[in-house]
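Architecture and fold: a report
Residues per chain, in single letters:
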Amino acid sequence: MLAWHQKKEDVVGLKAPKREKRVRKETRSQPPVEAPYVAPKPKLTRSAPDKIVEIFDGMTLRDLSKRSGATINALQSILADLGERVESEFDSITIDLAELVGMELGVNIRRMHTGEGTVEPRPAVVTVMGHVDHGKTSLLDSLRQTSVAAKEAGGITQHIGAFVVEMQSGASLTFLDTPGHAAFSAMRARGAAVTDIVVLVVAADDGVMPQTLEAMSHAKVANVPIVVAINKCDKSGADPERVRIQLGSEGLLLEDMGGDVQVVEISALSKLGLDKLEEALLLQAEIMDLKARTDGPAQAFVVEARVDRGRGPLATTIVKSGTLVSGQYIVVGSEWGRIRSLRDTAGKVTESAKPAMPVEIEGLRGLPMAGDDVVVVDSEERARMLSQGRKKKQEKDRLRKIDENMTEEAEIGEETPERVEMPIIVKADVQGSVQAVTDALRSLNSPQVFVNVVHVGVGPISEHDIDLAQACRACIVGFNIRDPPSAITLGATQANIKILLHKVIYHLLEEMGRLIVEKAPGTAETQISGEAEVLNIFELKGRSKSKGPDIKIAGCRITDGRFSRTGTMRLLRSGDVVFEGPCSSLKREKQDADTLDKGTDCGLVIEDCDEYQVGDTIQCLEQVIRKPKFISTQSGAVRIEC
């Protein structure tokens, strides 16, 4: 039986499995982590920040997807976040929604406005350009019979003014007076961007100057026709023919030379030839057949912006197309507001503005930048959303530029020496002047001094500016603003803060140039302060150990400059350097001397040098600190030369 049981257990498959002991598992001290389900977001294709996407009113999601490179699902997700639901890719969206979506994608937006609607003839927008002091404001003064030139500091126009001039024939022209100084080239470029005709004023006694050529290039880039007005023809030294030849040599095809550019000889002061200039402008406008859409939302550009103490931010705009109506919600650049009132160039309140009509907008929440476009929106909510989106986009672009600049500075930082920083706060009367003064100050940057504009603003100097200047040790530059109150002036004096107030850009740049030169550390240079000829050699032998070893003394006569005991001496023989070292002794008639002038005989000992020969030349080298130079050219351009 035992053998049978043993045999039975040996049969494969009949062996019973062994029972293992049951081990109790340890209880977990922490509950299991519950991960909630997150639905995958639609993939957002981020476009390059430099890419420009053109948008228009009524475009479909499919059009926006093709232009921006984002998927349809991504666009629908962004629209859902904005509170808009678009089911199909063929549904149209407004131009405001398209801009909001584009800013969320991180691309640059360009609005394309439609030309559909009632098209009517409009007046021409004429910009007067030319070199400084060639008579631009005097010409406009004669045309509109008002004295603006007398109010300008030094007879130089500091910011753009827009005026409507009624001609004797009954037609009207909108004139823009642009500054002529080199620092205001950006303002001149903005004037060319909104103009139809450019009047190029050239003085008959001065000829073509650098800013004349600059004005010609602005007009050519903007593809704007030019009418040349040769001013000051009644002066004794006037030579209009020389001006014609100079303009022709610069590539301007005048009518006298078979071209299409009209030339009129005028005198702004004596009002000579103004009727011919009016005829030329009206003829040019008639040839261009200027028309614009008068119905629908307006498209306008900011010419100038300023802050008024009682009325707040004000923006001078020129309507390009459509009609701007008081009470509309608008977005100007990154600022928004509701039009409280519209004023024409005479200061009268008007309800609406037609194309080519300059008006002053009141009711903005902030101060826009000169050159910004004016966008009319449907509601306050949409205006606020567009403003916030544009501000975020500007901040992203600003931070991206800062990162790029920091990367470049880190790459070249090891090669270039450290620069001294000069922080500056800029305050001016209007926004365009702020930009122009800031650009002019930044042009004074040099390898030794970094001009850092820490804050800019429109309006008078306030206590906040003094506190900020004290925190960052900046100086305050005020351009064309009134003098600050005595309390602010006293606070600035106690805090040792410099306040520079000027009304003419020349004087401002000259004083800032002097300050920059003073603050610059300068560069150390080795300069030859004097030369001497070796006439005889004396040896001192048998000296005691306490006085040192034997030495050789070079008997010299100083032939040029002066010698200093603290300088370094260079021994030359036949033009070659034999030895160079410090001066250990300089004597005249057995008396120690610190400095000796030309024509003096002296005894000279160069440390560790005993290779003198009669006829050798000894040079005295001194370390000097050379400061940079402030250079102002005749054309008005300034720079710091190191």
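Residues numbered from 1 in each chain as written. Predicted model: local features only at pLDDT ≥ 70, side-chain atom pairs only at ≥ 80, totals over all residues. Heavy atoms only, no water.

Per an unreviewed UniProt entry, the protein is named Translation initiation factor IF-2, chloroplastic, and its organism is Aegilops tauschii subsp. strangulata. The UniProt entry for the protein carries the following comment under Function (unreviewed entry): "One of the essential components for the initiation of protein synthesis. Protects formylmethionyl-tRNA from spontaneous hydrolysis and promotes its binding to the 30S ribosomal subunits. Also involved in the hydrolysis of GTP during the formation of the 70S ribosomal complex." UniProt, in the comment section headed Subcellular location (unreviewed entry), describes the protein in these words: "Mitochondrion". (UniProt positions renumbered as here; feature names shortened; annotations may be inferred.)

1. Topic: the pairing of strand β18 (residues 358-364)
Of all seven residues making up β18, seven are buried, and the element is well covered by its neighbours. By the bridge criterion, five bridges tie strand β12 (residues 312-321) to β18 in an arrangement that is antiparallel. When the bridges of β18 are listed, Thr317 appears paired with Val359. When strand β15 (residues 335-343) meets β18, the two strands line up antiparallel, connected through four bridges. Note on β18: the bridge partner recorded for Gly337 is Leu364. (Buried < 20%, exposed > 50% of the residue type's maximum accessible area, 1.4 Å probe, protein only. Helix = DSSP H or I, 4+ residues; strand = E, 2+ residues; numbered from the N terminus. Pairing = 2+ DSSP bridges.)

2. A short note on the sheet that holds strand β21 (residues 449-458)
Taken together, four strands build an open sheet; the order of strands is β21-β20-β22-β23 and the sheet is parallel. The strands lining the two open edges of the sheet, one partner per strand, are β21 and β23 (499-502). Each neighbouring strand pair of the sheet contributes to a mean axis angle of 25 degrees, computed without reference to strand direction. When strand β20 (residues 420-428) meets strand β22 (residues 475-479), the two strands line up parallel, connected through five bridges. Residue pairing in the sheet places Ile425 in a bridge with Ile476 of β22. The sheet strands contacting helix α12 (residues 463-472) are β20, β21, β22 and β23, and the helix crosses β20 at an angle near 175 degrees. Each of β20, β21, β22 and β23 touches helix α14 (residues 505-519); the most contacted strand, β20, lies at about 160 degrees to it. (Axes fitted to C-alpha atoms, helices over the stretch in contact; angles between N-to-C directions. Contact = heavy atoms within 4.5 Å.)

3. Structural notes on unusual backbone geometry
Located in the positive-phi region is Asn496, a residue other than glycine, with phi close to 60 degrees. Along the chain, Asn496 falls in the loop between α13 (486-494) and β23.

4. Considering the state of the cysteines
A full pass over the atoms with the stated rule returns zero disulfides. In this structure Cys475 is not part of a disulfide, and its nearest cysteine sulfur, from Cys472, lies 9.6 Å away. With no disulfide of its own, Cys583 lies closest to Cys620 among cysteine sulfurs, the gap being 7.7 Å. (Disulfide = S-S within 2.5 Å.)

5. Quick notes on the environment of Gly522
Summarising the element assignment, Gly522 is placed in the loop between α14 and β24 (523-540). For Gly522, a relative accessible area of 19% corresponds to the buried category. With 105 residues separating them in the primary sequence, Gly522 and Lys627 have C-alpha atoms 4.4 Å apart. Setting aside residues no more than four positions away along its own chain, Gly522 makes contact with Gln448, Ile625, Arg626 and Lys627.

6. Some thoughts on the packing of helix α3 (residues 72-81) against helix α4 (residues 95-105)
The interhelical angle for the contact between α3 and α4, taken along N-to-C directions, is 110 degrees, at an axis separation of 10 Å. Taken together, the axis directions place α3 and α4 in an arrangement best described as roughly perpendicular. As α3 runs across α4, the sense of the crossing is right-handed. Here α3 contributes Leu75, Ile78 and Leu79 to the contact with α4, which in turn contributes Leu97, Val101, Glu104 and Leu105. Class assignment for the residues of the contact of α3 with α4 results in six nonpolar, no polar and one charged. (Parallel < 35°, antiparallel > 145°, perpendicular 65-115°, else oblique. Left-handed = near helix turned anticlockwise from the far one by under 90°. Nonpolar A, V, L, I, M, F, W, Y, C, P; charged D, E, K, R; others polar.)

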